[in-house]
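# Architecture and fold: a report
Read off the chains here:
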Amino acid sequence: MSPWILVTLTLSSIASAVLGGVFLTFSDFVMRSLDRASTSAGVEVMQVINREVMHSIFGVLLLSMFALSLLIVGYAGIYLKHPASGLIVAGGMILLIGVFGVSGAVNVPMNTRLDGMDHALAEAAFYWKNSYFPKWTFWNHVRVIACLASASCYLVACSWLIQKP
């Protein structure tokens, strides 16, 4: 067994858990706090967050995990002949679909739409209250669960890989 796969899976598990922690922060209290502020303030702050997020360590980690997930799924699916390969592929696919798929299909388009609105206008307030806040938060919960499920798959796979046959 190549030690690089164990190191890669361990780091991927940690990175997935960290991403999940950031998403959990939003699901747990950031979004509720923004919603309790004046609507225009909540919208404006979320617009700023969305403009800055990809220029942060979180953004680098998120994009890195996309590429790493593709590599892990490919390696485990093609080259790894071990019962743990199914868990590794599952962990990667959960992250690819549950984080990147959801982000690309739901959260990012909603962020783009919100960014194009004037935070002080009634249109932005209506969108925030009736669509953005409830829908964005729901799908963010999905991203939390996906990150934690992926991290768990990677951890269990690591434990299987280090056990003697």
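Summary of the structure given here.

### A word on the environment of Pro109
- The residue Pro109 is located in helix α4 (residues 84-115) in this model.
- Its relative accessible area of 37% is what places Pro109 among the partly exposed residues.
- Separated by 32 residues in the primary sequence, Pro109 and Gly77 place their C-alpha atoms 31 Å from one another.
- Filtering out sequence-adjacent residues up to four positions away, Pro109 remains in contact with Ser103 and Gly104.

### A short note on the nonpolar core
- Counting 16 residues, the largest nonpolar core has Met31, Met46, Leu114, Trp128, Tyr132 and Trp136 as the members making the most contacts within it.
- Mapped by element, the contributors of at least two residues to this core are α1 (3-36), α2 (39-52), α4 and α5 (122-162).
- If you tally residues by element for this core, the top one is α5, at six residues.
- Leave out the neighbours within four places in its chain, and Leu114 touches Val43, Met46, Gln47, Tyr127, Trp128 and Tyr132.
- With 14 residues, the next largest nonpolar core counts Leu19, Leu62, Val73 and Leu95 among its residues.

The rules we used
Residues numbered from 1 in each chain as written. Predicted model: local features only at pLDDT ≥ 70, side-chain atom pairs only at ≥ 80, totals over all residues. Heavy atoms only, no water. Helix = DSSP H or I, 4+ residues; strand = E, 2+ residues; numbered from the N terminus. Buried < 20%, exposed > 50% of the residue type's maximum accessible area, 1.4 Å probe, protein only. Contact = heavy atoms within 4.5 Å. Core = buried A, V, L, I, M, F, W, Y, C linked by side-chain atoms within 4.5 Å.

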